[in-house]
Each structure stands twice: as C-alpha cells, then as structure tokens.
Amino acid sequence: MIIEPKIRGFICTTSHPTGLATSVQQQIEYVKSQGPLEGPLEGPKRVLIVGASVGYGMASRISAAFGFGASTIGVFFERPPTEKKPATAGWYSTIAFENAASEAGLYCKSINADAFAHETREKVIDIIKEDLGQIDLVIYSIGAPVRKLPDTGEIVRSTLKPIGEPYTATSINTNNDTINQSTVEPATEEEIANTVTVMGGQDWELWIKALSEAGVLAEGAKTTAYSYIGTEITWPIYWNGTIGQAKKDLDRASTAINKSLEAVNGEAYVSILKSVITQSSSAIPVLPLYIAIVFKVMREKGLQEGPIEQVYRLFKTRLYGEIITDEDGRLRVDDWELREDVQRISSELWKTINEDNLYDISDYGLYKEGFLKLFGFGFEGVDYSADVDTILPNNILDLT
C-alpha cells in the first residue's frame, strides 16, 4: 500500500517501514562513525533493553550492539501489521535493527509482549539462560501510560497533572500552529499514587528481582532507568507534577536495587536525559513549544543531540566512562541543555514567542519534521509515492 501520515491530535496512526529502516540505519552509521566505545571500564557484551523499540530504548540497543559489539535482547509492546493497516513504528524499527544486526553477525532477540507481566520476565529469563547465560547491562526505558498489575490484573492509568493547584501555561496546538493558554486541574491523591504505580520504579525493581533470583545477572552487572527532570519552564506540569512524583520514585528504586545487587557487585543508576521529540512529549503541555525553543538555542551553539547522540554519550562518558553522579547519585547527560547560557536565552525567547515569530525564534519547523520522522516520514531518498509491503519477514517473538 501507499502509506501517508495520518495525524490525530498528538498521535500519528500510520508508520512507514522504509522510512523507519532509514532512520535506524542513520543511527547505526552515527555510532559506527564514532569508533568503538572504549572507556576506563569494560563495556557490556550482553544487554537487555526493556522498552527497546523506539526513542531512547532503540538508541540504547543500537549503541550497545554497534558501539560495543554486544548481544542484545529487546522487550517492547508494539502492534503488528495487518493486511489493511501498517504496524506501529517500533515494529518496523525493530525489524530494521534485526536485519542490520544479523548482517553484522550480532546476536539479537526481540520479544513483543507486555513488559509488566511476570510471564514476560519468565520468558526473557529462559532466553537468557539458553542463549547468553547471563546479562551485563539492563536498560529500563518504559514510558507506558497504562500498567496491568502482574499479580491482580488490575488496570492502572497514569495522569499528566500538576499537584496542589491548577496550572495555566503557554502551549501550542500542533494541528493548527496556534499558541494559546491551557489550564490543567490538579491531581487527586489517587491519581498521584496511580501515576507512581505506572511510571515509577516498581516494575524496574520487579525486573531486577526476577533476573537476580534466576541467577542471570553477571558479576558487576549494571542497570539504569531513564528519566527526565527538565527546567523551571516545565517543572509545574512535569517535575513538580504527577509524572515528577513517578520519576522521583525511580530514585527510591535505584537505592533499593543497588542494595540488592551487592551480591554480584552490581550497580544501579537513574540516568537523566535531555528533552527530545517523542509521541509522549508531544502530549505534555508546554513541552513542544519549549523543545522548539531550546533545540534552536542548542543547535546554534553546536550542542543539540537526539536520542542516539545522547545515549552514545551516556555510555561513553558516564555509564562506561568515569562514573560521575550528581548529589542524588544520578548520571546526568542533560548537562548541555541545562547550561546557564542555554537556559537564559531559552527563557528570554519563551517570554517573547508568539504566532508571528514562531518559526523565526524557535525550531518549530524542525520540531514538526522531527515528529513525522518518528513514524518514518520525511526522510530524503525515500519514495513515499511507492507501494510498500507492510507485512515484512522478521524473527520477532510475538507474545501478544
């Protein structure tokens, strides 16, 4: 079929397999162009990525495989294609990664399943035991808005709300490019608790507990969960809101996991990454407009990074470089975004931005292009008028 982008609100309901294969290959070429990842610490050779199909998760898989030559197991939850509808972006990205890894002689196994389920953990552990023996690194990169509790089957939903009082902020309607004021009512105590349950550290702990008890964590194994803090512009709706409470729970989980890993001399960290264009971030009031502004400032200073550049730098200079943490024990690669000059200029632009100067003082045009690229659209060299197969041969183990 001929596939075109179909956007509804902040969601694109179609994805292009050829464009996504191009995206994955570009990320692979970036990592390969940097040379092997070599630091004072030996890099991982057997890596599990929970949440491996898009964004920072896929960037982690690519960095591990093509930077360290690591064997990778990826867990994710994507919708496969049908005769009438293409798959989600992560499905096609995973197929592209698997094809490239196979050509490079790298082991990879991909599991499409509910990452929150005990059964998924059991299946992954069986694969590790059979194929790899043990794991050196566990990346936790889940950003699901809904979680089915593994013991009770209860469905819990997260919310995106401030805490304590209503929050009114400048935001942009990406459908018609209009800037407006939007107000979000504060969360209830139940909504706060549910958001922590879905997006906090509980499931990360369950993964490490299951892997540890099964004896598949290698001596010196590391694990990290990805998080975001942001700036004063975004704090009321993010870090000081319901999602922020969940992200702070990752710190609690990191401390607990560190304690549990003492038996194998392992380490657990929360890694703080910069703002990037994702389907999730596009749904958060303030963030699309903030991202458009800060991207322009960082690009003009030669500091702008996408997921692949961020994760590569995390691996090279933090996780497998000289371990440097902040006062809360976190690994920080949001440091360039939070530079005083970057934030000062971004804050000044934030106060003056309007619909007339939107494209001049921000990278809003590039933001919209970047959003479409998440789904495989807008890549040079791809013929989007051509018929493409939506059902592609693959080795994904689909447990959905």
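Asker: Sorry if this is basic, but what is going on with the side chain of Glu305 here?
Answerer: Note on placement: Glu305 falls in the loop between helix 9 (287-300) and helix 10 (307-319). Of note is the side chain of Glu305, whose polar atom sits 2.6 Å from the side chain of Gln310. Contact partners of Glu305, with chain neighbours within four places excluded, come to Lys274, Val276, Gln310, Arg313, Val333 and Trp336.

Asker: Whenever I open this one, the nonpolar core confuses me. Can you help?
Answerer: Counting residues in hydrophobic clusters, the biggest one holds 87 residues, and the most contacted among them are Ile62, Phe66, Phe97, Tyr226, Tyr290 and Phe315. In terms of residue count, helix 9 provides more of this core than any other element does, 10 residues in total. Dropping the residues within four chain positions of it, Ile62 is found in contact with Val24, Gln27, Ile28, Val31, Gly67, Phe97 and Ile308. Core analysis: the next-biggest nonpolar cluster, separate from the first, contains 35 residues, Val138, Tyr140, Ile208 and Val264 among them.

Asker: Mind showing me how you'd approach the packing of aromatic side chains here?
Answerer: One pair of aromatic rings is described through two measures. These are the centre distance and the angle between the planes. One pass over the structure, following the stated rule, counts 11 aromatic pairs. With a centroid separation of 6.4 Å and 70° between ring planes, the pair formed by Phe315 and Tyr320 is classed as edge-to-face. Put simply, the rings of Phe68, Phe315 and Tyr320 pair up and form one aromatic cluster. Positioned above the aromatic ring of Trp336, the side-chain terminus of Arg313 is 3.7 Å from the ring centre. Above the ring of Phe379, the side-chain terminus of Lys373 is found at 5.2 Å from the ring centroid.

Asker: Please explain the packing of helix 6 (residues 202-213) against helix 7 (residues 242-260) as it appears in this structure.
Answerer: When two helices pack together, their arrangement is captured by the angle between the axes and the distance separating the axes. Packing of helix 6 against helix 7 brings their axes to within 9 Å, and their N-to-C directions diverge by 15°. Judged on the interaxial angle alone, helix 7 and helix 6 are roughly parallel. The two elements helix 6 and helix 7 cross, and the hand of that crossing is right-handed. Contacts between helix 6 and helix 7 involve Gln202, Trp204, Glu205 and Ile208 from the former and Asp249, Leu250, Arg252, Ala253, Ser254, Ala256, Ile257 and Ser260 from the latter. Across the contact of helix 6 with helix 7, the residue classes tally to six nonpolar, three polar and three charged.

Asker: Explanation requested: unusual backbone geometry in the structure shown.
Answerer: The phi angle of most residues is negative, glycine excepted, and most peptide bonds adopt the trans form. Positive phi outside glycine occurs at Asp177, with the angle close to 60°. If you trace the backbone, Asp177 turns up in the loop between strand 9 (167-173) and strand 10 (178-184). The exposure class of Asp177 is partly exposed, given its relative accessible area of 21%. Even without being a glycine, Asn265 presents a positive backbone phi close to 55°. Residue placement: Asn265 occurs in the loop between helix 7 and strand 12 (267-272). Using a relative accessible area of 54% as the deciding quantity, one classes Asn265 as exposed.

Asker: Could you clarify how one ought to interpret a negative patch on the surface in this entry?
Answerer: A surface patch of like charges, here negative, comprises Glu119, Glu122, Asp126 and Glu130. Along the polypeptide, Asp126 turns up in helix 4 (residues 118-132). Among the residues examined, Asp126 registers a relative accessible area of 45% and is labelled partly exposed.

Conventions we followed
- Chains are numbered independently. Their residues run from 1 in the order of the written sequence.
- Confidence filtering applies because this is a predicted model: local features only for residues at pLDDT of at least 70, side-chain atom pairs given and counted only at 80 or more, and all residues used for totals across whole chains, interfaces and linings.
- The basis for every side-chain value is the complete set of heavy atoms in the structure, and neither hydrogens nor water enter the calculation.
- In this text, helices come from DSSP runs of H or I with a minimum length of four residues, and strands from runs of E with a minimum of two, each type numbered from the N-terminal end.
- Here a polar contact means two N or O atoms within 3.5 Å. Within protein one must be a hydrogen donor candidate and the other an acceptor candidate, and residues neighboring in sequence count only if both atoms are side-chain atoms.
- Residue contacts are defined here by distance: any two heavy atoms, one from each residue, within 4.5 Å place the two residues in contact.
- In these notes, a set of buried Ala, Val, Leu, Ile, Met, Phe, Trp, Tyr and Cys residues joined through side-chain atoms within 4.5 Å is what counts as a nonpolar core.
- Each residue gets one of three labels from its accessible area relative to the maximum for its type: buried under 20%, exposed over 50%, partly exposed in between, using a 1.4 Å probe on protein chains only.
- In this scheme Phe, Tyr and Trp rings, the latter by its six-membered ring, pair at centre separations within 6.5 Å, and the angle between planes marks the pair as stacked below 30 degrees, edge-to-face above 60, and tilted otherwise.
- We call a charge positioned over a ring when the NZ of a Lys or the CZ of an Arg lies within 6 Å of the ring centre and within 35 degrees of the ring normal.
- Comment: axis = line fitted to C-alpha atoms, over the contacting stretch for helices; angle = value between 0 and 180 degrees taken between N-to-C directions.
- Here is the rule for angles: anything less than 35 degrees is roughly parallel, anything more than 145 is roughly antiparallel, 65 through 115 is roughly perpendicular, and the remaining ranges are oblique.
- Note: crossing handedness is left-handed where the near helix turns anticlockwise from the far helix by less than a right angle, and right-handed where it turns clockwise.
- For this classification, Asp, Glu, Lys and Arg are treated as charged, while Ala, Val, Leu, Ile, Met, Phe, Trp, Tyr, Cys and Pro are nonpolar and the rest, including Gly, are polar.
- Only residues whose relative accessible area exceeds 30% and that form no salt bridge are eligible for patches; like-charged ones are grouped when within 9 Å, while nonpolar side chains (Val, Leu, Ile, Met, Phe, Trp, Tyr) are grouped when within 5 Å.
- Computed by Shrake-Rupley with a 1.4 Å probe, the accessible areas treat only the displayed protein chains as cover when residues are assessed.
- Any Lys or Arg side-chain nitrogen found within 4 Å of a carboxyl oxygen on Asp or Glu counts as a salt bridge.
- Positive: Lys, Arg. Negative: Asp, Glu. His and the chain ends are not part of the count.
- Throughout, a charge is located at the NZ atom of Lys, the CZ atom of Arg, the CG atom of Asp or the CD atom of Glu.

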